[in-house]
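Chain by chain, the residues:
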Amino acid sequence: MITVHHLNNSRSQRVLWLLEELGLEYSIEKYQRDAESNLAPAALLKLHPLGKSPVLSDGEQTIIESAAIIDYLVRRHGNGLLAPAVGTDAHEQYLQWMHYSEGSAMLPLMLKMYTGRLPDGGEALQARITSELDNHFSYLNAALDDADWFVNNTFSAADIQLSFVIQLGPLLHSLDAYANLAGFLERIHARPAYQKALAKGGTYAFGGENAP
Ligand SMILES: N[C@@H](CCC(=O)N[C@@H](CS)C(=O)NCC(=O)O)C(=O)O
């Protein structure tokens, strides 16, 4: 049985969405962020060495890191859906976007979030952080100049993995200059599987009907 250890308002929403897109059966173990610190509860430390979410368990397997979880689900349970065939050029693009999301794009967003909590707002770093945010959002926006989806203009698990970056973006940085990203958000939020996952996952402040 596939179980998602799901934290409210978090990256694990992506995993629920993927499971709905693939039409797989799964159960959800829910965890709530602390109301004051916004951190995950200690119970997650029993499953994730860093106490974070998502965590996927599937029989004897326990997997952490969203990209690894998404890749695992697509390979093991995807029946060829939501990823280009291994060995194709499109698959190389797919892998690049899968790694890019957490490996590169999240860094300036996290820096923006954390430096904003410093007494002086992390003033000395803001110019660099802002230019990096524009750098990344320009890159993402340009990838959708002539396409609705990031890989081969075909919806794939890479779009799911990239969604969190693009959803978190407007909360930390203006995306007004990046109309393709607004279009991407509209498209993903309209997907029936996205909405089903939202209904099952509970509060999700970053996009769709439960967003503020
Ligand atoms: N790169 C990891 C990041 C995991 C992560 O930081 N998850 C956040 C939720 S979005 C978390 O559990 N935060 C709670 C905490 O750090 O206490 C992934 O993609 O799985």
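Residues numbered from 1 in each chain as written. Predicted model: local features only at pLDDT ≥ 70, side-chain atom pairs only at ≥ 80, totals over all residues. Heavy atoms only, no water.

### Considering the overall build of the protein
Along the backbone of the protein there are seven helices and four strands. Projected onto its principal axes, the C-alpha positions of the protein cover 50 × 45 × 30 Å. Counting the 212 residues in the protein, one finds 47% classified as buried. For the protein, the proportion of contacts with a sequence separation of at least 24, taken over those separated by at least 6, is 64%. Accessible area for the protein stands at about 10,600 Å²; split by element, carbon and sulfur atoms hold 52% of it. Distance from the positive charge centre (15 side chains) to the negative charge centre (24 side chains) of the protein: 6 Å. (Helix = DSSP H or I, 4+ residues; strand = E, 2+ residues; numbered from the N terminus. Buried < 20%, exposed > 50% of the residue type's maximum accessible area, 1.4 Å probe, protein only. Contact = heavy atoms within 4.5 Å. Areas by Shrake-Rupley, 256 points an atom, 1.4 Å probe, with all protein chains shown as cover. Lys, Arg positive; Asp, Glu negative; His and termini not counted. Charge placed at Lys NZ, Arg CZ, Asp CG, Glu CD.)

### A look at the pattern of salt bridges
Inspection of every chain in the model, using the stated rule, returns seven salt bridges. Residue Lys200 pairs with Glu20 through a salt bridge whose shortest N-O separation is 2.8 Å. One end of the pair, Lys200, is in helix H7 (residues 192–201); the other, Glu20, is in helix H1 (residues 12–22), and 180 residues separate them in sequence. Relative accessible area serves as the criterion here: at 41%, Lys200 is assigned to the partly exposed category. Via salt bridges that share partners, Arg11, Arg14 and Glu102 belong to a single interconnected network. (Salt bridge = Lys/Arg side-chain N within 4 Å of Asp/Glu carboxyl O.)

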